[in-house]
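Here is what each chain is made of, one letter per residue.
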Amino acid sequence: MKMKTTICATFMAALMSTAAFADDIKPGVVYDFGGRNDRSFNEAAFNGAEMFKERTGINYRDFEIQNPSQREQALRNFARRGLDPIITIGFAQAAALEKVAKEFPETRFAIVDSVVDLPNVRSIVFREEQGSYLVGMLAAMATETDTISFVGGMDIPLIRKFACGYKQGAHAVNPDIEIIENMTGTTGAAWTDPVKGGELARSQFARDSDVVFHAAGATGMGVLQAAADEGKLGIGVDSNQNHLHPGQVLTSMVKAVDVAVDTALEDARTDQWSNGVQVMGLAEDGVSWALDEHNQDLISEDMKTAVDAAKQDIISGKIEVHDYMVDNTCPF
Amino acid sequence: MTKGQLPNWVEYGVLPAINLIAAFLVSGAVVLLIGENPLEAVKWLVWGALGYGEGVGFTLFYATNFIFTGLAVAVAFHAGLFNIGGEGQAYVGGLGVALACLAMDQYVPWYVTMPFAILGGAAFGAGWALIPGYLQAKRGSHIVITTIMFNFIASSLMVYLLANVLRPQGSMQPSTRGFEEGGQLPLLRHMFPGFDLGQSPVNLALFISLVACVLVWLLIWRTKLGYEIRTFGQNPSAAVYAGISPVRITVITMLISGALAGMMGINEVMGAQARLLLDFTAGYGFVGIAVALMGRGHPIGIILASVLFGMLYQGGAELAFEIPTITRDMIVVIQALVILFAGALEYMFRPAVVAFFNQFAGEKAVA
């Protein structure tokens, strides 16, 4: 017990010293199963932390989760070592964070993709359905066969949310459009199987699809490759993937995880940290569709106008994009 | 002692130790290759696993999983069956545990729930092993293939159930709701406040796994059924000649094996997470194969091997924490090397050791 008190005191001292020198923060990042080099979601977070490190020269520590029991352990280890703020990546960390954040009320935590309602936690959530809606519109306008498709990674609610927004957007352009939807798998391996992703895309092309949107992490690399090989169009996800196959990637549904992580760290550094829910939708530039030199020839002026108008309507609330996870159904 | 045989202490002590040392030497070389000090790495690994209360707790927690899955593989081994399906059986067993907890946790205390949870885990795990066992016994479909396939079926089934059926409304995570007190096993840190186990999730399931070890020992070496299992495993045709039914032994052994794997859910689902999570098995079922091989199919060996792998898991995590250049993938490499040397290459040093001891024994005979 005495030992514990001493340790606690040391941590408290460490915490207070970090608070005293706000520009000297010691951030920690905990990734989910995918790991920091998954070329997708976790990597976006990693990039955000790297952006911060490059700009400020402040180093951070990170940890890649391997099994569910390590979630709490990793958070606790970081908190005990006086790291602050601690950014957790992925909705699966929510339960662990809820527990640990209560144990370390002085430490600032953030979680990406989930909500943890505690006074020392910033919850960052994205409105993926809004971004997917816009790329769904683009897909529906770009298709010449009136058939588009979707390749998801692992079959989980979050990915169905992408699919549902995509379908709604496509239906808004053309109510009779044919949409083929496939999930790669049901295990974590579904995120890292580009070969299967490519096969799924090819089978969709064989059924007349000519635009395919993937929300499948590294599996999507195979989807985009297949689209490029067969002269069809792919749509990237999470980061801007237009450059992977210039002229063959219609656009990318960009989820600004990197910006969110960088902003959180910056806010901690400049003492502007805020807790509570941070919703990153179209209005906050948390999700967007990518337009750059690699795909500008694919996006006509009409398409751009239509999508920009829809974006404004979504922001103003005139168009309501259905969120799959609210009721676990997709009416489209 | 006949030629080619080794005294027990060499067979079960020296040989595994040599394999282990070889594995660590190669791991050390890998650590050197990436430019870190292997001694430093070993220090963090051992300290992380055994150096402080919470580390010990986590080591024992992981060991509990490995004891269950290791026993499962070992029992099947004794009948000459290679059960690769521990992962899937544990996964579905977790469902059995979770259903018992979900049904009872709000009404009764944990000690009432526990027997049902154990039964549920064992029954579901056994059920998952039944079909491959039956197919092997009746149709000759190879158990290795069918159990591997059943791992995938288990995974798909659980994703479906967790994403569509068991998930509470509005929750993002594909998992069941958290269990109330009545569905949680007591943690050892609460049962024995005198021991410093930090915040580790090691729980009562550790003792359940030790009881399972004793029961498996009794079953295999002290019962008629165990004798039949071993006979069948060592020589199926002789077993048939002796009047042992291959169908019966195959199916029963697989049921026991699956039940043991399924009980892993007690530790993870009812003990640590207090909910059923997607992929909670995290490869423990596969590690069970290495544990059973390393422990030579004997409960004592399995306990020791489980603690070793528990140390690798917990110490490995600590190592990745302390030395950032050693990523979790490096830890997997080290674990894989241990599995390689202890499992796949277990006979590599054996001829040399046998030769050494035969010479030794020969000299003694002359003298």
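Residues numbered from 1 in each chain as written. Chains lettered and ligands numbered in written order. Predicted model: local features only at pLDDT ≥ 70, side-chain atom pairs only at ≥ 80, totals over all residues. Heavy atoms only, no water.

Per an unreviewed UniProt entry, chain B goes by Sugar ABC transporter permease and derives from Pseudovibrio exalbescens. The record held by UniProt for chain B lists under Subcellular location (unreviewed entry) the comment "Cell membrane". (UniProt positions renumbered as here; feature names shortened; annotations may be inferred.)

Novice: With reference to specific residues and values, describe unusual backbone geometry.
Specialist: The linkage connecting A:Asp84 with the following residue, A:Pro85, adopts the cis geometry, with an omega of 0°. Looking at where A:Pro85 falls in the secondary structure, it is placed in the loop between helix 3 (70–80) and strand 3 (86–89). Positioned with a positive phi, B:Ala274 is a non-glycine residue whose angle comes to about 55°. Assignment of secondary structure puts B:Ala274 in the loop between helix 12 (264–273) and helix 13 (284–294). Notably, B:Arg296 is not glycine yet its phi reads approximately 55°, a positive angle. (Helix = DSSP H or I, 4+ residues; strand = E, 2+ residues; numbered from the N terminus.)

Novice: Requested: an account of the environment of B:Glu318, with residues and values cited.
Specialist: Along the chain, B:Glu318 falls in helix 14 (residues 299–322). For the pair B:Glu318 and B:Val46, spaced 272 residues apart in sequence, the C-alpha to C-alpha distance is 9.2 Å. Look past the residues within four positions of B:Glu318 in its chain and what remains in contact with it is A:Gln73, A:Asn77, A:Arg81, B:Trp44, B:Trp47, B:Gly48 and B:Tyr52. At a separation of 2.9 Å, a polar atom in the side chain of B:Glu318 contacts the side chain of B:Tyr52. (Contact = heavy atoms within 4.5 Å. Polar contact = N/O pair within 3.5 Å; in protein donor to acceptor, adjacent residues only side chain to side chain.)

Novice: I'd like a description of the sheet that holds strand 1 (residues 28–31) of chain A, backed by residues and values.
Specialist: Residues and elements named next belong to chain A. On the basis of which strands lie adjacent, the open sheet formed by six strands has the order 2-1-3-4-5-11 and parallel pairing. Of all the strands in the sheet, just strand 2 (61–64) and strand 11 (276–280) have a single pairing partner and so form its edges. The average angle at which neighbouring strand axes cross in this sheet is 15°, direction not considered. Bridge analysis of strand 4 (residues 109–112) against strand 5 (residues 121–126) gives four bridges, and the strand direction is parallel. For Phe 109, the partnering residue across the bridge sits in strand 5 and is Val 121. Its contacts with the sheet place helix 2 (residues 41–56) against strand 1, strand 2, strand 3 and strand 4, and it is angled at close to 170° to strand 1. (Pairing = 2+ DSSP bridges. Axes fitted to C-alpha atoms, helices over the stretch in contact; angles between N-to-C directions.)

Novice: Break down the side chain of A:Asp210 for me, with residues and values.
Specialist: Residue and element names in this part refer to chain A. In this structure, Asp 210 sits in the loop between helix 7 (194–206) and strand 8 (211–215). For the buried Asp 210, no salt bridge is present, and the opposite-charge side chain at shortest range is Lys 232, 6.4 Å distant. One polar contact links Asp 210 to Thr 145, side chain to side chain, over a distance of 3.3 Å. Not counting the four nearest positions on each side in its chain, Asp 210 is found in contact with Thr 143, Glu 144, Thr 145, Thr 147, Lys 232 and Leu 233. (Buried < 20%, exposed > 50% of the residue type's maximum accessible area, 1.4 Å probe, protein only. Lys, Arg positive; Asp, Glu negative; His and termini not counted. Salt bridge = Lys/Arg side-chain N within 4 Å of Asp/Glu carboxyl O.)

Novice: I'd like to hear about the domain arrangement of chain A, residue by residue, with values.
Specialist: Residue and element names in this part refer to chain A. Partitioning chain A into domains gives domain 1 (2–126) and domain 2 (128–255 + 287–327). The centre of domain 1, based on its C-alpha atoms, is set 32 Å off from the matching centre of domain 2. Counting residues at the interface gives seven residues for domain 1 and eleven residues for domain 2. It is Arg 39, Ser 40 and Phe 126 in domain 1 that bury the most area against domain 2; as a group they hold 63% of the surface buried on that side. Across the pair Asp 113 and Lys 255 runs a salt bridge, and its minimum N-O distance is 3.2 Å. Run the count over domain 1 and domain 2 and you get two residue pairs in polar contact (both at pLDDT 80 or more). Residue composition of the side of domain 1 that touches domain 2, grouped by class: three nonpolar, one polar and three charged. (Domains from an automatic or database assignment. Buried area = accessible area lost by both parts, 1.4 Å probe. Nonpolar A, V, L, I, M, F, W, Y, C, P; charged D, E, K, R; others polar.)

Novice: Just give me the short version of the confidence of the model for chain A, but keep the residues and values in it.
Specialist: Per-residue confidence for chain A gives a mean pLDDT of 89; residues scoring 70 or more make up 93%. Low pLDDT, under 50, characterises residues 1–22 of chain A; the predicted model gives this stretch nine contacts beyond four residues in sequence or across chains. (pLDDT = per-residue confidence, 0-100.)

Novice: Which residues make up the sheet that holds strand 12 (residues 287–289) of chain A, and what are the values?
Specialist: All names here are of chain A. Spatially, six strands are ordered 7-6-8-9-10-12 in an open sheet, and the strand pairing comes out mixed. At either end of the open sheet lies a strand with only one pairing partner, and these are strand 7 (178–185) and strand 12. Mean inter-strand twist for the sheet, computed between neighbouring axes without regard to direction, equals 15°. Pairing between strand 8 and strand 9 (residues 233–238): three bridges, direction parallel. Across the sheet, residue Val 211 finds its bridge partner in strand 9, namely Leu 233. Seen against the sheet, helix 7 touches strand 6 (147–154), strand 7 and strand 8 and runs at an angle of roughly 160° to strand 7.

Novice: With reference to specific residues and values, describe the interface of chain B and chain A.
Specialist: In this assembly, 35 residues from chain B lie in contact with 39 residues from chain A. With both sides pooled, the region where chain B packs onto chain A buries about 3200 Å², and carbon together with sulfur makes up 48% of that total. Notably, a salt bridge pairs A:Glu64 with B:Arg328, separated by 3.8 Å at the nearest N-O pair. Summed over the shared surface of chain B and chain A, the result is ten residue pairs in polar contact (both at pLDDT 80 or more). Among the elements of the structure, helix 3 (53–78), helix 6 (143–165), helix 12, helix 14 and helix 15 (328–344) of chain B are those that each provide at least two residues to the side of chain B that touches chain A. When residues in the side of chain B that touches chain A are grouped by element, the largest group, seven residues, is from helix 14 of chain B.

Novice: Describe the packing of aromatic side chains, and please don't skip the residues or the numbers.
Specialist: Residues and elements named next belong to chain B. Using the criterion set out here, one finds 23 aromatic pairs over all chains in the structure. Both rings, one in Tyr 62 and one in Tyr 313, keep their centres 5.4 Å apart while their planes meet at 50°; by these two values the pair is tilted. Placement of the pair is Tyr 62 in helix 3 and Tyr 313 in helix 14, with a sequence separation of 251 residues. On the basis of relative accessibility, which here comes to 0%, the residue Tyr 62 falls in the buried class. Exposure remark for Tyr 313: the relative accessible area of 12% places this residue in the buried category. (Phe/Tyr/Trp six-rings, centres within 6.5 Å; stacked < 30°, edge-to-face > 60°.)

Novice: Account for the side chain of B:Thr146, with residues named and values stated.
Specialist: Residues and elements named next belong to chain B. By secondary structure assignment, the location of Thr 146 is in helix 6. Taking relative accessible area as the criterion, Thr 146 reaches 7% and is therefore assigned buried. Those residues in contact with Thr 146 that sit more than four places away from it in its chain are Pro 132, Leu 135 and Ser 141.

Novice: Help me get a handle on helix 8 (residues 205–222) of chain B, residues and values and all.
Specialist: Side chains three or four residues apart in an α-helix point the same way, a direct result of the helix having 3.6 residues per turn. All names here are of chain B. With 18 residues, helix 8 extends 25 Å between its outermost C-alpha atoms, agreeing within 8% with the 26 Å of an ideal straight helix rising 1.5 Å per residue. Taken residue by residue, helix 8 has Ala 205, Leu 206, Ile 208, Ser 209, Ala 212, Cys 213, Val 216, Leu 219 and Ile 220 as its buried positions. Seen along its axis, helix 8 keeps its buried residues to an arc of 150°; they face one direction. Turned more than 90 degrees from where helix 8 packs its buried face, Leu 215 and Arg 222 sit exposed. (Expected span 1.5 Å × (residues − 1). Arc of directions from axis to C-beta.)

Novice: An account of empty space enclosed by the protein is requested, with residue identities and associated values reported.
Specialist: Taken as a whole and judged by the stated rule, the model has two cavities of 30 Å³ or more. Each pocket or cavity is described by its volume, and for the largest cavity that value is around 60 Å³. Lining the largest cavity we find A:Arg36, A:Asp62, A:Phe63, A:Glu64, B:Ala320, B:Pro324, B:Ile326, B:Thr327 and B:Arg328. Broken down by element, the lining of the largest cavity gets its largest block of residues, three residues, from strand 2 of chain A. For the lining of the largest cavity, the per-class residue count stands at four nonpolar, one polar and four charged. Around the second largest cavity, the lining residues are A:Phe63, A:Glu64, A:Gln66, A:Gln70, B:Gly316, B:Ala317, B:Ala320, B:Arg328 and B:Ile331. Mapped onto the lining of the second largest cavity, the elements with two or more residues apiece are strand 2 of chain A together with helix 14 and helix 15 of chain B. Top contributing element to the lining of the second largest cavity by residue count: helix 14 of chain B, with three residues. Classifying every residue of the lining of the second largest cavity by side-chain character gives four nonpolar, three polar and two charged. (1 Å grid on protein atoms, 1.4 Å probe; cavity = no way out; pocket = protein on both sides within 12 Å on 5 of 7 lines; lining within 4 Å. Points joined across faces, edges and corners; volume = space filled by probe spheres on them.)

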